[in-house]
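Coordinates in review
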Number of protein chains: 2
Amino acid sequence: MIQSRGYAAQQSTTPLAPFSFTRRDPKERDVVVEIEYCGVCHSDIHSTRNEWGNAVYPMVPGHEIIGRVTAVGNEVSRFKVGERVGVGVIIDSCRQCASCKNNEEQYCEVGTTLTYGAPDKYGDLTQGGYSNNILVDEHFVHSVSTKLDPAGVAPLLCAGITTYSPLRHWQVGPGKKVGIVGLGGLGHMGLKFAHAFGAHTVQFTTSESKVEDAKRLGADEVVISKDADAMKKEAFSYDFILDTVSAVHDLNAYLPLLKRDGVYCQVGLPDRPPVINMGNLLFKRRALSGSIIGGMAETQEMLDYCAEKNIVSDVEVIPIQKVNEAFERVLKSDVKYRFVIDMASLIEQ
Amino acid sequence: MIQSRGYAAQQSTTPLAPFSFTRRDPKERDVVVEIEYCGVCHSDIHSTRNEWGNAVYPMVPGHEIIGRVTAVGNEVSRFKVGERVGVGVIIDSCRQCASCKNNEEQYCEVGTTLTYGAPDKYGDLTQGGYSNNILVDEHFVHSVSTKLDPAGVAPLLCAGITTYSPLRHWQVGPGKKVGIVGLGGLGHMGLKFAHAFGAHTVQFTTSESKVEDAKRLGADEVVISKDADAMKKEAFSYDFILDTVSAVHDLNAYLPLLKRDGVYCQVGLPDRPPVINMGNLLFKRRALSGSIIGGMAETQEMLDYCAEKNIVSDVEVIPIQKVNEAFERVLKSDVKYRFVIDMASLIEQ
């Protein structure tokens, strides 16, 4: 057994608090990671507060994990002790289905094992990265360049790959006009990637105050989505729109901005399902789609791309003692653009 | 001026009745067609009853037109007097935009001219095929093989191309599993085409009574969509689903049947916009899309394909005097599978 310490929710209505627990002994293909940083994802809030209705407690959240390898199982071939690695949203899948064999483990047809709050194949409840260590099968561990700021890399494991994957899948690049809806943890990464891929990138935001920041982050243009005239001018000109907003909003305001055969991809899951004016799709053969994280090979590709292009998330680093305050600030969108917990703070308790 | 006779709606609440009118003189590129047959499309009912709110009266409906060329303008190169031709849903477009230049005039960015009930570029109101003649720019006229029964060909100009085009666009063929939702005018053509293209084709229907007919028309399997267990067995197995139903129905019952990256394409436009459970899209990167008719080159390709494969619509031929009765029967789905008006009946009045 491995001794672990972290912050956990004991039930849906209580704040996160210090929690000691054990993890199973490592298996042959496991990598044991001492966690240095863990990003604070909006889904950590949904999960610990049981807003998706499937929470199991106690729950240590966290799936944007960066750390150092401290031990490896006998059959581990890709990692050595001391290396910097990352762990993201899933830590297992069936590895046999068509999706897994196609390196798209996130769409595993049997079902993935989430990094926290889920039963693993041994019957244990997984516990996440708001803690000092984790052990994960090497297939779900990623190599992280030491060239990059590790705190800024942590959010790449969820916010990064969630935006990178659809932008790659729908071949965003030079000559394409791309919209990013929402400028938060996911949105600011989508903006950075779309810009880096060479697309003409337009940021949509409800907030005038974000215009300058969006330009700094790579937007060629910024459109205030509440301005009906400004929206009208964009009609029929986008190849692809990446919608990162999980708050309820009207997709029919954006669909007419797509060209014929344009694709609208949602990566945020709104609480209330949207009503879709099908004419917006039919009359230009547009598609409404969605995407979740990315496969393991693609996550590594993204991390390598970020190292090459020097891309990280804009983060505000906090000690773990401030995590409940950070949750409240996330709910008010009061963060630019991702909180990351410095796990060294856990030692000082 | 050309003298024309047909059946028209004088207002939204009156039945169609005999109507004499004039059409403009033919221009250099016009083909004058003596109409032999015209299909009865559900949209003829919507339009004449002003259910889409943009009707202009008097209105002669009809956009599934088959006839013989009786005159051609000086610059017409593709057609000769006496040839059999077809005219579909649109008779003009801008011919300059990206969609038009890409042979997808149906998605013209300036706007198409509908075959009836719309102002043409000369300011005249277009009048459709429930009449003895029509004149159309040759670009929007199609050559029709005399090998096929002309009454059965008429519905190909709308019901045929509306289903052919998306099945081609999304590359339905051998090795693909395809669902057809609804077995009416559009659905039975979608079924014939998907089968002809070599896909494993599954017909979805609410009605046990249609099972045998669906198999006769080419279905490899038939699933009763009201049977929840039967639907569950289909989960996650379809590459493409073509939904031809314009009555309000729950798309969320069908989306889980698609594989990862599967596409759900609607060609019927429901009166009430559907609510989409976005999880059905995100968690398998499925796409919801739609499609309208097809381009002019593709319509010709479809007609040639039908001649080669001996594909026509299953029709019930009626004299024009029965058109109001036919409208009522369409509304009750009491037709296998398309009414076609024999325009010779117009002469006998």
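Residues numbered from 1 in each chain as written. Chains lettered and ligands numbered in written order. Predicted model: local features only at pLDDT ≥ 70, side-chain atom pairs only at ≥ 80, totals over all residues. Heavy atoms only, no water.

**Brief notes about the packing of aromatic side chains**
All names here are of chain A. Worth spelling out the cut-off: Aromatic rings from Phe, Tyr and Trp, taking only the six-membered ring of Trp, are treated as a pair when their centres fall within 6.5 Å; an angle between ring planes under 30 degrees marks them as stacked, one over 60 as edge-to-face, and anything in between as tilted. Three labels apply to residues, based on accessible area from a 1.4 Å probe with only protein chains included: buried if under 20% of the type maximum, exposed if over 50%, partly exposed otherwise in between. Throughout this description, the term charge over a ring refers to an Arg CZ or Lys NZ atom that lies within 6 Å of the ring centre and within 35 degrees of the ring normal.
Inspection of every chain in the model, using the stated rule, returns 22 aromatic pairs over all chains. An angle of 10 degrees between the planes, with centres 5.3 Å apart, marks the rings of F19 and F21 as stacked. Residue classification places F19 among the buried positions, given a relative accessible area of 17%. The class of F21 is buried, set by a relative accessible area of 9%. Joined through ring pairs, the aromatic side chains of Y164, F193, F197 and Y305 make up one cluster. Sitting over the ring of F197, R168 keeps its end group 3.7 Å from the ring centre. Here the basic side chain of K177 rests over the ring of Y238, its NZ or CZ set 4.5 Å away from the ring centre.

**Here we look at the interface of chain B and chain A**
Which entries qualify depends on this criterion: The contact criterion used is simple: two residues touch if any of their non-hydrogen atoms lie within 4.5 Å. Buried area, as used here, totals the accessible surface that two parts lose on assembly, with accessibility defined by a 1.4 Å probe and the loss added over both. In the sections that follow, a salt bridge refers to a side-chain nitrogen of Lys or Arg positioned within 4 Å of a carboxyl oxygen of Asp or Glu. Segments assigned H or I by DSSP are reported as helices when at least four residues long, segments assigned E as strands when at least two residues long, and all are numbered from the N terminus. Throughout this entry, Asp, Glu, Lys and Arg are counted as charged residues, while Ala, Val, Leu, Ile, Met, Phe, Trp, Tyr, Cys and Pro are counted as nonpolar. The remaining residues, Gly among them, count as polar. Any two strands with at least two DSSP bridges between them are considered paired.
Every contact between the two is made by 36 residues of chain B and, on the other side, 36 residues of chain A. Carbon and sulfur atoms make up 64% of the area that chain B and chain A hide from each other, which totals about 3,100 Å². When residues of chain B are sorted by the area they lose upon contact with chain A, R260(B), L282(B) and R285(B) head the list and together hold 25% of the total. Summed over the shared surface of chain B and chain A, the result is four salt bridges. Between E104(B) and R260(A) there is a salt bridge, with the nearest N and O atoms lying 2.8 Å from each other. Within the residue set of the side of chain B that touches chain A, elements represented by two or more residues are helix 2 (98-101), helix 4 (159-169), strand 14 (258-266), helix 8 (279-282) and strand 15 (287-290) of chain B. Per-element accounting of the side of chain B that touches chain A gives the leading share, four residues, to strand 15 of chain B. Considering only residue class, the side of chain B that touches chain A consists of 18 nonpolar, eleven polar and seven charged. In this sheet, strand 15 of chain B lies alongside strand 15 (residues 287-290) of chain A in antiparallel orientation, the contact comprising three bridges. Paired with A287(A) across the bridge in strand 15 of chain B is S289(B).

**Here we look at the pairing of strand 13 (residues 238-243) of chain B**
Along any regular strand, the residues point their side chains to alternate faces of the sheet. All names here are of chain B. Where burial is concerned, most of strand 13 is hidden: five out of the six residues are buried. Relative to strand 14, strand 13 is paired through five bridges, and the arrangement is parallel. When the sheet's bridge partners are listed, L242 is paired in strand 14 with C265.

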